[in-house]
Number of protein chains: 2
Amino acid sequence: MARSSTTSDVFNALGDANRRDVLDTLITGEKSVGAIVQRLSMSQPQVSKHLRVLRAVGLVGCHADGRRRLYRLESARLSPMRDWLAKYEQAVNDRLDRVDDYLKELQQQGEGQ
Amino acid sequence: MARSSTTSDVFNALGDANRRDVLDTLITGEKSVGAIVQRLSMSQPQVSKHLRVLRAVGLVGCHADGRRRLYRLESARLSPMRDWLAKYEQAVNDRLDRVDDYLKELQQQGEGQ
DNA sequence: TTGACATATGCCGATAACGGAATATAGAGT
DNA sequence: ACTCTATATTCCGTTATCGGCATATGTCAA
């Protein structure tokens, strides 16, 4: 078994820096393919392909506007990453709490003497 | 130019689900390679290779303990992902704020009449 | 030193992914 | 119908990555 495909795993889809750049472009609002091509200096097919992958994992949506297509960010789909990160925050906090408890215990023992 | 290597880009390193699983294993504290192999059902070389990648990007550290090697999580190295995500939270909030301002403006105009 | 255990590394074949170039599709205007 | 323009898709060559297997390295214990 290899890596799950970039079209099915949000993490893998975001493993490519160019794709992150494309997504960053959409932070300020929806944009046409041409607008993205111009901002980043990437070829048009390249941008279209990255958008296709991003759409496959649901990170962007699009709708037609005349002969253009406007892509918009679907920030809700970032939750897998948010949740995954949250596990780590939680874990680190728990471990700090345990250290804290230990220190308090030491302190109480000191007071008892 | 292709993707930046999995040994130099945290995002790409975490694009592999097995590697995320290995990292998850370390949340509760440092562990030997053997312990990880046993928890997940992966081959030993496979785990060692994934740990090598994780070490290359700084997500884990290790120190020798007899004939074993104990790996520990370096959660600080997750900040690239945290920062990147934060941009999106911020952006979404800003856009909501703007909508909010717009609604208030409409409301004031209504009151003026 | 020899042997058992723990981990790392090297080699291999298969597959996925990227970018470039050319081409196809589709809408708008004449 | 023809022609721009905007975007998507296909084909292709190159490279990265993954897992398996075998093997090397290193460490303890007798």
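Anything mentioned here points back to the structure above.
Below is a summary of the structure that appears in this document. Fair warning: this is a prediction, and the values are worked out from it, not measured in the lab.

**Re the sheet that holds strand β3 (residues 68-73) of chain B**
Residues and elements named next belong to chain B.
- One open sheet holds the 3 strands; their spatial order is β1-β3-β2, and the pairing between them is antiparallel. Strands at the two margins of the open sheet, each flanked by one partner only, are β1 (31-32) and β2 (60-65).
- As defined by bridge partners, β1 adjoins β3 across 2 bridges and the pair is classed as antiparallel. Bridge pairing in β3 places Lys31 opposite Tyr71.

**Considerations on the sheet that holds strand β2 (residues 60-65) of chain A**
All names here are of chain A.
- Pairing is antiparallel in the open sheet, where 3 strands are placed in the order β1-β3-β2. One side of each edge strand has no neighbouring strand; the edge strands of this open sheet are β1 (31-32) and β2.
- Across 6 bridges, β2 lies against strand β3 (residues 68-73) in antiparallel orientation. Its bridge partner lying in β3, Val60 is registered against Leu73.

**Considerations on the protein's contact with DNA strand D**
- If you check the shell around DNA strand D, you find 26 residues, and the closest are A:Ser32, A:Gly34, A:Pro45, A:Ser48 and A:Arg68.
- Secondary-structure elements contributing two or more residues to the surface near DNA strand D are α3 (33-39), α4 (44-56) and β3 of chain A together with α4 (44-56) of chain B.
- In terms of residue class, the surface near DNA strand D is made up of 7 nonpolar, 11 polar and 8 charged.

**Considerations on the interface of chain B and chain A**
- With 20 residues of chain B at the interface, the matching set in chain A holds 21 residues.
- Elements with a minimum of two residues in the side of chain B that touches chain A: α1 (10-13), α2 (17-25) and α5 (79-112) of chain B.
- At 7 residues, α5(B) tops the list of elements feeding residues into the side of chain B that touches chain A.
- For the side of chain B that touches chain A, the class distribution of residues is 10 nonpolar, 4 polar and 6 charged.

Rules of the game
By convention here, each chain's residues receive numbers from 1 onward along its written sequence. Chain labels run from A onward and ligand labels from 1 onward, assigned in the order the entries are written. For a predicted model such as this one, the threshold for reporting local features is a pLDDT of at least 70, and the threshold for listing and counting side-chain atom pairs is 80 or more; totals across whole chains, interfaces and linings nevertheless cover every residue. When DSSP finds at least two bridges between two strands, those strands are taken to pair. The way it works is that DSSP assigns letters per residue, a run of H or I at least four long becomes a helix, a run of E at least two long becomes a strand, and they are numbered from the N terminus. The rule is simple: place the C-beta atom from the backbone, and if it lies within 6 Å of a molecule or strand, the residue is near it. Lys, Arg, Asp and Glu make up the charged group, whereas Ala, Val, Leu, Ile, Met, Phe, Trp, Tyr, Cys and Pro make up the nonpolar group; the residues left over, Gly among them, are polar. Distance between backbone-placed C-beta atoms decides contact: two residues are in contact if it is within 7 Å.

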